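# Observations on the model geometry
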There are 2 protein chains.
Amino acid sequence: MDEIKGILVPRGFRASGVKAGIKPSGGDDLAFLLAENPSAAAGTFTTNRVCAAPVKWCRGLLPREDIRGVVINSGNANAATGELGMENVRKTAERAASRIGCAPEQVLIASTGVIGHQLPMEKIERGIDDAFARLSTESEGFEAVSRAIMTTDTRPKISCHRETIDGREVTLLGIAKGAAMIGPRMATMLGFLLTDAPISACDIRGLLADAVDLSFNCLSVEGHASTNDTVLLISSTVSTEPVIPPGELASFGLMVRAACESLARQIADDGEGSTHFITVEVEGCRTVTEARAIARCVAESALVKTAIHGADPNWGRIVSAAGYAGVPFQEGELSLAINGVPVYANGSPVHFDDLALSESIRHRRPVDLHLTLQSGRESCRFWTCDLTADYVRLNADYTT
Amino acid sequence: MDEIKGILVPRGFRASGVKAGIKPSGGDDLAFLLAENPSAAAGTFTTNRVCAAPVKWCRGLLPREDIRGVVINSGNANAATGELGMENVRKTAERAASRIGCAPEQVLIASTGVIGHQLPMEKIERGIDDAFARLSTESEGFEAVSRAIMTTDTRPKISCHRETIDGREVTLLGIAKGAAMIGPRMATMLGFLLTDAPISACDIRGLLADAVDLSFNCLSVEGHASTNDTVLLISSTVSTEPVIPPGELASFGLMVRAACESLARQIADDGEGSTHFITVEVEGCRTVTEARAIARCVAESALVKTAIHGADPNWGRIVSAAGYAGVPFQEGELSLAINGVPVYANGSPVHFDDLALSESIRHRRPVDLHLTLQSGRESCRFWTCDLTADYVRLNADYTT
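Just so it is clear, the structure is predicted and the values come from calculations on it, not from any experiment.

### Concerning the overall build of chain A
- Summing up its helical and strand segments, chain A has 11 helices and 15 strands in all.
- In summary, chain A has a C-alpha radius of gyration of 22 Å against a globular reference of 21 Å for 400 residues, a match within 12%.
- Its C-alpha atoms give chain A principal-axis dimensions of about 70 × 55 × 35 Å.
- Taken across its 400 residues, chain A has 62% of its residues classed as buried.
- Across chain A, contacts joining residues at least 24 apart in sequence account for 81% of those joining residues at least 6 apart.
- Of the roughly 13,500 Å² of accessible surface on chain A, 49% is carried by carbon and sulfur atoms.
- Of the charged side chains in chain A, 38 are positive and 49 negative; the average position of the first set lies 4 Å away from that of the second.

Structure follows, in structure tokens:
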């Protein structure tokens, strides 16, 4: 399976992105995805108890085999907006459904942006009409989607995979956004996976949950779980083609996982204000859950992230972060290598060349932190970025 | 019970602080506390699986009724130092014991500073001799301790309380350090509480655990649990006076709690690079544990801390942090006030004056975040500080 540069559009979709006037900056802020036929879809969503109105809308509808459209806005999260927020989601779906010629329940909604403000419905409704008029099967339409869903992202996040499964050429296109408020408690951020592989909604749900668990749930910028996390996978051909047989599903599952991993890495790589992309690998644990708990503690430690920002091989911060993950282990079974250089082995410091390792951290991308225990055979790979003064500046002045 | 400005020295202690040459900066870095008689002591310690050699030493000894001394060094944590680290703790205790004329097991040790480096034993041993020669019952000796244990602290942290209990005048002196790597998983930081109230080691253990739970365990700078957290409470008179009867213990417990709270607040107020001291209060929960989980999530969110740094009333970040604490609640029961101004009530936004609230955040100290649920009657108060570009700069270049 190859990841392809550029955009390959799966059959059965059209897309557009427009300026609806929601973002004060005046950038593109409303995206429309149309499925030409009733399509199968499932999603994973934030587990935050305070979740956005569009998350409640999608969660109540999915999985489903008759999806016709997705409307996504940036610039406003429609989260913590009470009853009026729910009414506005329904109005958004109704407007899009009236254009498509379907029921509102066949339209999914996702939002991202500032929390606690009501959607500007006139702008949203005009934007939907405008976006519907511009829908395109060309790659430009999907590129427009990837731009219109950005908030503080510095670049669009896209992955394309194509493969032959069950004798058919199958394409999977992934589009995501996210640069902060990234803390894995299910899916984190917005992600849209479009495919022309004929897969039932029930199978999508299982494949997507597995892929998200090993990708977006292994991702953190600052550990703050968003109110709006949504990852959707939509198959355009389920109503028109024979579905992929169970024996071939695993191949498609690998495609989904590769797409999710690619997008998760792109998000960490674009973390707000970051200068280093960081991979944390934890091996030798009794369970994946324990490996992930350790990896997350390391990845979310402000002291680890600032040390890497300063190209400082201050490995004590890394092993001490591993120690407070709530995972029982003996200090004497813990080892750490940074960019392949052992710095701590079986509970004792190892002599290494400080300056050489500092240079390697300064210049290498990604920085690799490799922790090993001796409790079992399970492991986890986790992605994050460093913490910089720019992150603080960006977030000390976001709404005002 | 009054908190007293300046230092009141409890009977039965002597103290000193010296420059032993451990800190590259050349500041005071070794403190000696002497108990004139065998003294009762208990402690609370980090729950980090990677913990410092002196923590292992103290944890193995306490509670105990015959403590004679405490040696504390800054500039080196003696953590993640393997077998040699343990040998060096024993050598430190032996040197101090030889000066005092007691067994090494009657000497407690605490260290703070960089992780993963072996102690410079010649400097430590010379420093112990020097500090022993300078021991004093005067307040200057205890002030010297408060300075010698500092790392990135900008000021010493001291609390003094005096009260009459069981017909006797009782003094409690608290000295602490801490400005970063502050994340409450038991005690967080170094704290030394000295009293002339005659209390058994067993009672000390109970009173101290309760006080720490409501003070140092409700404190976070960036959530990174240290390898070296140690809080000790030592009573100098247990071997010479009748102990305080059980009926009067509660009064002394309140003194201990007041001292711990005062020191915990001083630590949050001196958080590295911080410009705002923040109090998070959570009310209306089913259990204190749930209230603390929500308070900690809010207090440790980089997005909440940067918003307050920017005087930005971006309350969506606060309610969304409450939502991912793992505590089940309904969005419609959540309310939030910032500096007394309601911004979110029963799951819906409340209109408020943005500019006035921003000004209030900019100028008020502490900033109060008050979250209310409707699940029960339990509550928690938690202390933290904001996240600034100075925190990043300080920590991007600490060891190198």
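### Things to note about the sheet that holds strand S15 (residues 378-385) of chain B
Residues and elements named next belong to chain B.
- Within the open sheet, the 6 strands sit side by side as S13-S12-S11-S14-S10-S15. Their pairing is mixed. Across the chains shown, the open sheet's two edge strands, defined by having one partner strand only, are strand S13 (348-349) and S15.
- Relative to S15, strand S10 (residues 277-285) runs antiparallel, the two being bridged by 7 bridges. Opposite Phe277, over in S15, you have Cys385 as the bridge partner.
- Against the sheet, helix H7 (residues 288-300) contacts S10, strand S14 (367-372) and S15, and its axis sits at roughly 25 degrees relative to S15.

### Observations concerning helix H8 (residues 302-309) of chain A
Residues and elements named next belong to chain A.
- For H8, the tally of buried residues reaches 7 of 8 residues, placing the bulk of the element in the interior.
- Taking the backbone nitrogen of Leu303 as reference, a side-chain oxygen 3.1 Å away marks Ser301 as the first, capping residue of H8.
- A positive backbone phi angle near 55 degrees is found at Ala311, which sits one or two residues after H8.

### Overview of the sheet that holds strand S10 (residues 277-285) of chain A
Residues and elements named next belong to chain A.
- If you trace the 6 strands from one edge of the open sheet to the other, you get S13-S12-S11-S14-S10-S15, paired in mixed fashion. With one partner strand each, in any of the chains shown, strand S13 (348-349) and strand S15 (378-385) form the two edges of the open sheet.
- Sheet topology places S10 next to strand S14 (residues 367-372); 6 bridges connect them, and they run parallel. Bridge pairing links Glu281 to His370 in S14.
- Packed on one face of the sheet, helix H9 (residues 315-323) meets strand S11 (335-338), strand S12 (341-345), S13 and S14 and runs near 135 degrees to S11.

### Quick notes on the side chain of Lys177 of chain B
Residue and element names in this part refer to chain B.
- Residue position: Lys177 is located in strand S7 (residues 168-177).
- No salt bridge is formed by the buried Lys177. Its closest oppositely charged neighbour is Asp153, at 4.3 Å.
- For Lys177, the side chain forms a polar contact with the side chain of Thr112, separated by 2.9 Å.
- In this structure the side chain of Lys177 is engaged in a polar contact, spanning 2.9 Å, whose partner is the side chain of Thr151.
- Setting aside its immediate chain neighbours within four residues, Lys177 contacts Thr112, Ile149, Met150, Thr151, Asp153, Lys157, Met189, Leu190 and Ile267.

### So, helix H5 (residues 201-213) of chain A
All names here are of chain A.
- Compared with an ideal rise of 1.5 Å per residue, which puts 13 residues at 18 Å, H5 spans 18 Å between its outermost C-alpha atoms and is within 8% of the ideal.
- Here H5 has its buried residues at Ala201, Ile204, Leu207, Leu208, Ala211 and Val212. All buried residues of H5 fall inside an arc of 130 degrees around its axis, so they share one side. Of the exposed residues in H5, those oriented more than 90 degrees away from the buried face are Cys202 and Asp210.
- Its buried side turned inward, H5 meets strand S3 (30-45), strand S4 (64-74), strand S8 (190-195), strand S9 (230-235) and helix H6 (246-269).

### Regarding the pattern of salt bridges
Residues and elements named next belong to chain A.
- Applying the stated criterion across every chain yields a total of 52 salt bridges over all chains.
- Taking the shortest distance from any N to any O, the salt bridge between Arg11 and Glu241 comes out at 2.7 Å. With Arg11 in the loop between strand S1 (2-3) and strand S2 (13-18) and Glu241 in the loop between S9 and H6, the pair connects residues that are 230 residues apart, well separated along the chain.
- The partly exposed category is assigned to Arg11, whose relative accessible area is 41%.
- The network of salt bridges with common partners includes Arg11, Asp166, Arg168, Asp196 and Glu241.

### Overview of the interface of chain A and chain B
- Across the contact, 60 residues belong to chain A and 60 residues belong to chain B.
- The largest share of the area that chain A buries against chain B comes from Arg49, Tyr324 and Glu331 of chain A, three residues that together contribute 16% of it.
- Summed over the shared surface of chain A and chain B, the result is 2 salt bridges.
- Ionic pairing is found between Lys56 of chain B and Glu331 of chain A, a salt bridge with its closest N-O pair at 3.1 Å.
- Along the contact surface separating chain A from chain B lie 20 residue pairs in polar contact (both at pLDDT 80 or more).
- When contributions to the side of chain A that touches chain B are tallied by element, the ones reaching two or more residues are helix H2 (82-100), H8, H9, S13 and helix H11 (389-395) of chain A.
- A per-element tally of the side of chain A that touches chain B places H9 of chain A first, with 7 residues.
- Here the side of chain A that touches chain B is composed, by residue class, of 27 nonpolar, 24 polar and 9 charged.

### Quick notes on the environment of Glu241 of chain B
Residues and elements named next belong to chain B.
- Of the residues examined, Glu241 reaches a relative accessible area of 21% and is grouped as partly exposed.
- Between the alpha carbons of Glu241 and Ile199 there is a distance of 9.4 Å; along the sequence they are 42 residues apart.
- If near-sequence neighbours (up to four positions away) are discounted, Glu241 is found in contact with Arg11, Arg168, Asp196 and Pro198.

### What about the relation of the copies chain A and chain B?
- You can overlay chain A on chain B at an RMSD of 0.0 Å; the transform is a turn of 180 degrees with a shift of 0.0 Å along its axis. Such a combination of turn and shift is consistent with a two-fold rotation axis. The position closest to the rotation axis in chain A is occupied by the C-alpha of Ala389 of chain A, lying 2.1 Å away.
- Taken as a fraction of all interface residues of chain A, those also at the interface in chain B reach 100%, which identifies the copy contact as same-surface.

### Remarks on the domain arrangement of chain A
All names here are of chain A.
- For chain A, the assigned domains read domain 1 (2-269) and domain 2 (277-395).
- Relative placement of domain 1 and domain 2: their C-alpha centres are 32 Å apart.
- Counting residues at the interface gives 18 residues for domain 1 and 13 residues for domain 2.
- When residues of domain 1 are sorted by the area they lose upon contact with domain 2, Cys218, Ser220 and Arg265 head the list and together hold 35% of the total.
- Seen at the junction of domain 1 and domain 2, the total is 2 salt bridges.
- The salt bridge involving Asp213 is made with Arg292; its shortest N-O contact spans 3.5 Å.
- Where domain 1 touches domain 2, the interface holds 8 residue pairs in polar contact (both at pLDDT 80 or more).

Reading guide: rules and limits
Residues numbered from 1 in each chain as written. Chains lettered and ligands numbered in written order. Predicted model: local features only at pLDDT ≥ 70, side-chain atom pairs only at ≥ 80, totals over all residues. Heavy atoms only, no water. Helix = DSSP H or I, 4+ residues; strand = E, 2+ residues; numbered from the N terminus. Rg over C-alpha atoms; globule rule 2.2 N^0.38 Å. Buried < 20%, exposed > 50% of the residue type's maximum accessible area, 1.4 Å probe, protein only. Contact = heavy atoms within 4.5 Å. Areas by Shrake-Rupley, 256 points an atom, 1.4 Å probe, with all protein chains shown as cover. Lys, Arg positive; Asp, Glu negative; His and termini not counted. Charge placed at Lys NZ, Arg CZ, Asp CG, Glu CD. Pairing = 2+ DSSP bridges. Axes fitted to C-alpha atoms, helices over the stretch in contact; angles between N-to-C directions. Polar contact = N/O pair within 3.5 Å; in protein donor to acceptor, adjacent residues only side chain to side chain. Salt bridge = Lys/Arg side-chain N within 4 Å of Asp/Glu carboxyl O. Expected span 1.5 Å × (residues − 1). Arc of directions from axis to C-beta. Buried area = accessible area lost by both parts, 1.4 Å probe. Nonpolar A, V, L, I, M, F, W, Y, C, P; charged D, E, K, R; others polar. Least-squares fit on C-alpha atoms with pLDDT ≥ 70 in both. Domains from an automatic or database assignment.

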